[in-house]
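# Fold and contact review
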Amino acid sequence: MTLTLGDTIGYLDGTGAHLLVSSGGDELLSVSVGVDGSGGPVMKGHPVRANAATLAAATGRHAAQDIRQCVDAENLPDGEPDIG
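Quick look at the structure, then. Values in this document were obtained by computation on a predicted structure and should not be read as measured data.

This next bit is on the nonpolar core. Formed by 18 residues in total, the largest nonpolar core has its most connected members in L3, A17, L19, V21, L29, A56 and A64. For this core, the secondary-structure elements that each account for two or more residues are β1 (2–5), β3 (16–22), β4 (28–34) and α1 (47–67). Here the element with the most residues in this core is α1; it accounts for six residues. The contacts of L29, once residues within four sequence positions are left out, are L19, L20, V21, S23, A63, A64, R68 and C70.

Have a look at this one:
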């Protein structure tokens, strides 16, 4: 399943969320959040998956804007990513 945050793309894998954030030039920041547990099957609207995606988005914004000062970091929108 795909994960998008503005122009940033990623994917969902089980209860993990993975974003690839452009840091300018040829570099990408890879942000992954995984949540382990035995809560039954994970479906599109499952809260664990949505919360992992939201945490990955917040971490990607923080890493791009505050840690790496990436060129296009200001273009990362606030809020939750879209799960599709």
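This part takes up the pairing of β1. Of the two faces of β1, only the one carrying L3 and L5 is buried; T2 and T4 on the other face are not. Relative to strand β2 (residues 8–13), β1 runs antiparallel, the two being bridged by four bridges. Across the sheet, the residue bridging to L3 is G10, located in β2. Count of turn residues in the β1/β2 antiparallel hairpin: two residues, of which G6 carries a positive phi of about 65°. With two bridges connecting them, β1 and strand β5 (residues 82–83) associate as antiparallel partners. Each residue of the ladder has a partner; that of T4, found in β5, is D82.

Further remarks concern the pattern of salt bridges. Under the definition given, this model contains one salt bridge. Notably, a salt bridge pairs R68 with E27, separated by 2.6 Å at the nearest N-O pair. With R68 in the loop between α1 and β5 and E27 in the loop between β3 and β4, this pair connects stretches of sequence that are 41 residues apart. R68 gets classed as partly exposed once you look at its relative accessible area, which sits at 40%. E27 gets classed as partly exposed once you look at its relative accessible area, which sits at 45%.

Take the environment of G10 next. Its place among the elements puts G10 in strand β2. According to the relative accessible area criterion, G10 is buried, its value standing at 14%. Taking the C-alpha atoms as reference points, G10 and A53, 43 residues apart in sequence, are found 9.5 Å from one another. Those residues in contact with G10 that sit more than four places away from it in its chain are M1, T2, L3, H18 and L19.

About the thresholds
Residues numbered from 1 in each chain as written. Predicted model: local features only at pLDDT ≥ 70, side-chain atom pairs only at ≥ 80, totals over all residues. Heavy atoms only, no water. Core = buried A, V, L, I, M, F, W, Y, C linked by side-chain atoms within 4.5 Å. Buried < 20%, exposed > 50% of the residue type's maximum accessible area, 1.4 Å probe, protein only. Helix = DSSP H or I, 4+ residues; strand = E, 2+ residues; numbered from the N terminus. Contact = heavy atoms within 4.5 Å. Pairing = 2+ DSSP bridges. Salt bridge = Lys/Arg side-chain N within 4 Å of Asp/Glu carboxyl O.

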